[in-house]
Amino acid sequence: MPIDIQHDEVQRLVAAGAQLVDVLPRAEYDTEHIAGAINIPLKELDAQSTAILDRDRPVIVYCWDLL
Amino acid sequence: MSPRAAWRLESLGFPQVYEYAAGEADWLAYGLPSEGPDADTPRAGQIARRDVPTCSLQERLGEIRDRVAAAGWDEFLVVNDQQVVLGRLRSAALEASADATAEAVMEPGPTTTRPDEPLARIVSRLRDKHVDRIIVTTPDGRLVGIAERRTAERVLAQREGTEEDHD
């Protein structure tokens, strides 16, 4: 079950090697995104697109806000 | 969107999936680092004065007034022990009885903005309201500082000048 975390935990996990994934559309990611995040848009999230992720490290996903 | 993405990753066999549901809006509001063309947009958090004096609900005006003068400000913000902004004491309120508590004379629930608010929007809002300052807090209400309109205008003017130099 995915665990909901806050920004301080994001920072801690990323510092420890977690992968940060922005799931917004490419154009929104290109405009601005959290430093160090990669982009895999939600609509493209599948086995092929996620092959770039390391399964042995935590993955943190985010979009713009709660909505 | 992110809950669906998190569940999808789990379904794809990722064993350690976290969801930052508050997202980029929250991240920027805390003034944390970002990348991309919009990342250098000047924002409220960059100009917020952190030296604004604060007091607690139960402090009495007699004590507060001395600190106001020493701090060189004409107002105080009323905060709790978590630094959450509960009220504002402007100069007129500070003239009340020395025995009055901050709670008794403060303006409760003052207008605030987030650190990620672009300065251009801040200036527009402050001009529309004919005010010179706005309190900057984190999304959970903790004090960051006070953003002043004249500072925001100066930063924007300098930025425009820099951009024109590059054209």
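(A) Inspection of the interface of chain B and chain A at higher detail. Between chain B and chain A, the contact holds 36 residues from the first and 39 residues from the second. Of the roughly 3,700 Å² buried between chain B and chain A on both sides combined, carbon and sulfur atoms contribute 65%. Seen at the junction of chain B and chain A, the total is one salt bridge. The tally of links from chain B across to chain A stands at 21 residue pairs in polar contact (both at pLDDT 80 or more). Of all elements in the fold, only helix H1 (2-11), strand S1 (17-20), helix H2 (23-29) and strand S2 (34-35) of chain B reach the threshold of two or more residues within the side of chain B that touches chain A. Top element by residues in the side of chain B that touches chain A is H1(B). It accounts for eight residues.

(B) View of the sheet that holds strand S1 (residues 3-4) of chain A. Across the sheet, which stays open at both edges, the five strands sit in the order S1(A)-S1(B)-S5(A)-S2(A)-S4(A) with parallel pairing between neighbours. The open sheet terminates on both sides in strands that have one partner only, identified here as S1 and strand S4 (38-39) of chain A. Looking at chain direction, strand S2 (residues 19-22) of chain A and strand S5 (residues 59-62) of chain A are connected through four bridges and run parallel. Across the sheet, residue A:Gln19 finds its bridge partner in S5(A), namely A:Val59.

(C) Layout of the nonpolar core. Counting residues in each nonpolar core, the largest one holds 16 residues, and the members touching the most others are A:Val21, A:Val23, A:Leu53, A:Val59, A:Val61, B:Leu9 and B:Phe14. Counting residues per element, the ones that place at least two in this core are S5 of chain A together with H1 of chain B. It is H1(B) that provides the largest number of residues to this core, a total of three residues. The residues touching A:Val21, leaving out its near neighbours within four places in the chain, are A:Ile38, A:Ile40, A:Leu53, A:Val59, A:Ile60, A:Val61 and A:Tyr62. Judged by nonpolar contacts, the second largest core, of 15 residues, contains A:Ile5, A:Val10, A:Tyr62 and B:Leu32.

(D) Fine view of the pairing of strand S5 (residues 85-89) of chain B. All names here are of chain B. Along S5, four of the five residues are buried, which leaves the element largely enclosed by surrounding structure. When strand S4 (residues 76-79) meets S5, the two strands line up antiparallel, connected through four bridges. From the neighbouring strand, Val 78 faces S5, where its bridge partner is Gly 87. Hairpin connection between S4 and S5: a loop of five residues separates the two successive antiparallel strands, and Gln 83 in this loop has a positive phi of roughly 70°. In the sheet, S5 pairs with strand S6 (residues 107-108) via two bridges, with the strands oriented antiparallel.

Conventions adopted
- Residues numbered from 1 in each chain as written.
- Chains lettered and ligands numbered in written order.
- Predicted model: local features only at pLDDT ≥ 70, side-chain atom pairs only at ≥ 80, totals over all residues.
- Heavy atoms only, no water.
- Contact = heavy atoms within 4.5 Å.
- Buried area = accessible area lost by both parts, 1.4 Å probe.
- Salt bridge = Lys/Arg side-chain N within 4 Å of Asp/Glu carboxyl O.
- Polar contact = N/O pair within 3.5 Å; in protein donor to acceptor, adjacent residues only side chain to side chain.
- Helix = DSSP H or I, 4+ residues; strand = E, 2+ residues; numbered from the N terminus.
- Pairing = 2+ DSSP bridges.
- Core = buried A, V, L, I, M, F, W, Y, C linked by side-chain atoms within 4.5 Å.
- Buried < 20%, exposed > 50% of the residue type's maximum accessible area, 1.4 Å probe, protein only.

Bear in mind that shape data such as this cannot, by itself, settle questions of function.
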